[in-house]
Amino acid sequence: MEEALKQLKKHLFSIHTLSVEEWEDFASIWQLVSYKRKTVLTAAGETERHLYFVLDGVQRAFYVDGDMEATIVFTYPFSFSGIADSFLTQTPSRYFLESLTASTLLRTNFQQVQILMDRYHNVERMIRLFTSYALMGVLERQVELLAYSAEEKFKTLLRRSPHVLQLIPHKYLASYMGMDATTFSKLLATVRIE
């Protein structure tokens, strides 16, 4: 647990620092949890009660419409995970969150985070900063999905996160980029990053 909290602190403090007291209180609300591969952590229709910090493994959030699945985001070490909009608003999720691989996570719940945000303005500020960065990423991704060609999307993914090709099954990467698996395979065979 000590090493897990060190990773969490390193990640948090790279964006925003907390006082010793704030950190000690924030560190105390987390517990270590493990999930097997393909475990649903949050189902559509459920309200996200937990915030996770990924120590090991890969998770994905996805939307289901009939027979179609659309992958929204992947999380992996060392990042936060959970269905953010449902967690922050405490409303039912439209999305699923599942572990793609066996996963080890730190987990806390909404009530514990809310108590600390009420107690410490600086913790509330930190949550707002992380939410702002997440929103910035969502907007960048919208531009990629709406304006980039399949090849540009593929190159952007490889520049930003080349390691995902080894971590995540290609059918999920294709879904994430809004293309079919055949197009993804062709790009994988032909595209090189300059």
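Residues numbered from 1 in each chain as written. Predicted model: local features only at pLDDT ≥ 70, side-chain atom pairs only at ≥ 80, totals over all residues. Heavy atoms only, no water.

Draft legend 1. Region of the structure containing the sheet that holds strand S8 (residues 103-109). Spatially, 4 strands are ordered S1-S8-S3-S6 in an open sheet, and the strand pairing comes out antiparallel. Strand pairing shows two members of the sheet lacking a second neighbour, strand S1 (31-35) and strand S6 (80-81), which therefore form its edges. Sheet contacts for helix H4 (residues 110-119): strand S3 (50-56) and S8; angle to S8, the most-contacted strand, approximately 55°. (Pairing = 2+ DSSP bridges. Helix = DSSP H or I, 4+ residues; strand = E, 2+ residues; numbered from the N terminus. Contact = heavy atoms within 4.5 Å. Axes fitted to C-alpha atoms, helices over the stretch in contact; angles between N-to-C directions.)

Draft legend 2. Expanded view of H4. For H4, the set of buried residues is Phe110, Val113, Leu116 and Met117. With its buried residues spanning 135° around the axis, H4 presents them on a single face. (Buried < 20%, exposed > 50% of the residue type's maximum accessible area, 1.4 Å probe, protein only. Arc of directions from axis to C-beta.)

Draft legend 3. Seen up close, the side chain of Asn122. Following the sequence through the fold, Asn122 ends up in helix H5 (residues 121-147). Side-chain polar atoms of Asn122 contact the side chain of His16, separated by 2.5 Å. Setting aside anything within four residues of it in sequence, one finds Asn122 in contact with His16, Thr17, Leu18, Ser19 and Glu22. (Polar contact = N/O pair within 3.5 Å; in protein donor to acceptor, adjacent residues only side chain to side chain.)

Draft legend 4. The sheet that holds strand S4 (residues 59-65), seen in detail. Judged by pairing direction, the sheet is antiparallel, and its 4 strands sit side by side in the order S2-S7-S4-S5 without closing on themselves. The strands lining the two open edges of the sheet, one partner per strand, are strand S2 (40-42) and strand S5 (68-75). Direction aside, neighbouring strands of the sheet carry axes that sit 35° apart on average. Where S4 and strand S7 (residues 96-99) come together, 4 bridges link them in antiparallel fashion. Bridging across to S7, Ala61 finds its partner in Leu97.

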